[in-house]
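Topology and contacts: notes
Below are the chains, spelled out letter by letter.
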Amino acid sequence: MNSQYPNNSSFSYDGVQTRAVSMDAGLRAYMLQIYNLMAIGLVLTGLTSWVVASVPALTMIFFGYNAQGHLQPNILGMIAIFAPLGFSLLFGFGLQSMKATTARGLFIAFSVVMGISLSTIFIAYTAESIARTFFVTAGTFLGVSLWGYTTKRDLTGFGNFMMMGLIGIVLASIVGIFFQSSALQFAISVLGVVIFTGLTAWDTQKLKEMYATSNSNEASAKLAVLGALNLYMDFINLFLFLLRFLGRRE
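Scanning the chain for helices and strands turns up 9 helices and 2 strands. Mapped from its N terminus to its C terminus, the chain presents α and β elements in the order α-α-β-β-α-α-α-α-α-α-α. When burial is assessed residue by residue, the chain has 38% of its 250 residues classed as buried. The long-range share in the chain, meaning contacts at least 24 apart out of those at least 6 apart in sequence, stands at 80%.

Put into structure tokens, the structure is as follows:
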């Protein structure tokens, strides 16, 4: 019995070690899939925004000029602005029942529609300031996301606090529509940068933990699409809030 114990112990340890290595490789592939899909979405959004803003015929399909000569969305533009909300609800309630390929297709469509709704930033801001803000956002996002992936600290409480702050920003933004205040807008912008920086770390950690619950390649692929959507939205919102500080208007 004693002579057999070391062999059994070694076999058990080797088995656990093999599973750990397999899990680690699968997790890396899963996270890489998320980041790649997110990057594709950002590229499509950026290209769509630039093309719509650069081609007057396309601009006038979605926007028009009011009596003061300011550009504002028409009916199609309003649809494009609110369509991302519909896509988000569709992902939230229908992801489990759809195939991974369908989810990826919807994410691509979502990225293009988001590009249409954001096209006015290429009209309102200089290309140089947009590029500068993008690189600042990318550097911040990568650093924070890497921290969220590697940290051993449980960010659940931190993330919940950030979500409460996000609700506060939404309410403050609604108030700001009726009571124009530069101080309020500045505070919202600062909080927006802080909150979406924090949410990037929390979402990254959540995605890492969710991988352990997926029981098939199909489930993992759908989680990757959902993860790409979450990180994409963190990036876009962080970029927009930073643009308020770093953007230079035309």
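So, about the layout of surface pockets. Estimates place the volume of the largest pocket at around 1,900 Å³. Listed by contribution, the elements that provide at least two residues to the lining of the largest pocket are strand 2 (71-73), helix 3 (75-94), helix 4 (100-117), helix 5 (121-124), helix 7 (156-178), helix 8 (182-211) and helix 9 (217-246). With 11 residues, helix 9 is the single largest residue contributor to the lining of the largest pocket. Residues belonging to the lining of the largest pocket are distributed by class as follows: 34 nonpolar, 9 polar and 5 charged. Of all the secondary structure elements, the ones that give two or more residues to the lining of the second largest pocket are helix 1 (5-54), helix 5, helix 6 (127-150) and helix 9. It is helix 1 that provides the largest number of residues to the lining of the second largest pocket, a total of 9 residues. Residues that form the lining of the second largest pocket fall into these classes: 19 nonpolar, 3 polar and no charged.

Take the packing of helix 3 against helix 4 next. At a closest axis distance of 8 Å, the pairing of helix 3 and helix 4 adopts a crossing angle of 155 degrees. Taken together, the axis directions place helix 3 and helix 4 in an arrangement best described as roughly antiparallel. In the crossing of helix 3 with helix 4, the sense of the turn from one axis to the other is left-handed. Between helix 3 and helix 4, the contacting residues are Ala 80, Ile 81, Ala 83, Pro 84, Phe 87, Ser 88, Leu 90 and Phe 91 on the first element and Ala 103, Leu 106, Phe 107, Ala 109, Phe 110, Val 113, Met 114, Ile 116 and Ser 117 on the second. Of the residues belonging to the contact of helix 3 with helix 4, the class tally is 15 nonpolar, 2 polar and no charged.

Enumeration according to the criterion identifies 9 aromatic pairs in this entry. Measuring from centroid to centroid gives 5.6 Å for Phe 110 and Tyr 232, while their planes differ by 65 degrees, and the two rings are edge-to-face. Of this pair, Phe 110 sits in helix 4 while Tyr 232 sits in helix 9, and the two are 122 residues apart along the sequence. A single burial state applies to Phe 110 and to Tyr 232, both of which are buried. An angle of 75 degrees between the planes, with centres 5.7 Å apart, marks the rings of Phe 134 and Phe 135 as edge-to-face.

Another aspect to go through is the environment of Phe 141. For Phe 141, the location among the structural elements is in helix 6. Residue Phe 141 is classed as buried on the basis of its relative accessible area, which comes to 2%. Through-space distance from the C-alpha of Phe 141 to that of Thr 197 is 7.1 Å; in sequence the pair is 56 residues apart. Not counting residues up to four positions away in its chain, the partners in contact with Phe 141 are Tyr 35, Met 38, Thr 200, Leu 231 and Phe 235.

Rules and cut-offs
- Residues numbered from 1 in each chain as written.
- Predicted model: local features only at pLDDT ≥ 70, side-chain atom pairs only at ≥ 80, totals over all residues.
- Heavy atoms only, no water.
- Helix = DSSP H or I, 4+ residues; strand = E, 2+ residues; numbered from the N terminus.
- Buried < 20%, exposed > 50% of the residue type's maximum accessible area, 1.4 Å probe, protein only.
- Contact = heavy atoms within 4.5 Å.
- 1 Å grid on protein atoms, 1.4 Å probe; cavity = no way out; pocket = protein on both sides within 12 Å on 5 of 7 lines; lining within 4 Å.
- Points joined across faces, edges and corners; volume = space filled by probe spheres on them.
- Nonpolar A, V, L, I, M, F, W, Y, C, P; charged D, E, K, R; others polar.
- Axes fitted to C-alpha atoms, helices over the stretch in contact; angles between N-to-C directions.
- Parallel < 35°, antiparallel > 145°, perpendicular 65-115°, else oblique.
- Left-handed = near helix turned anticlockwise from the far one by under 90°.
- Phe/Tyr/Trp six-rings, centres within 6.5 Å; stacked < 30°, edge-to-face > 60°.

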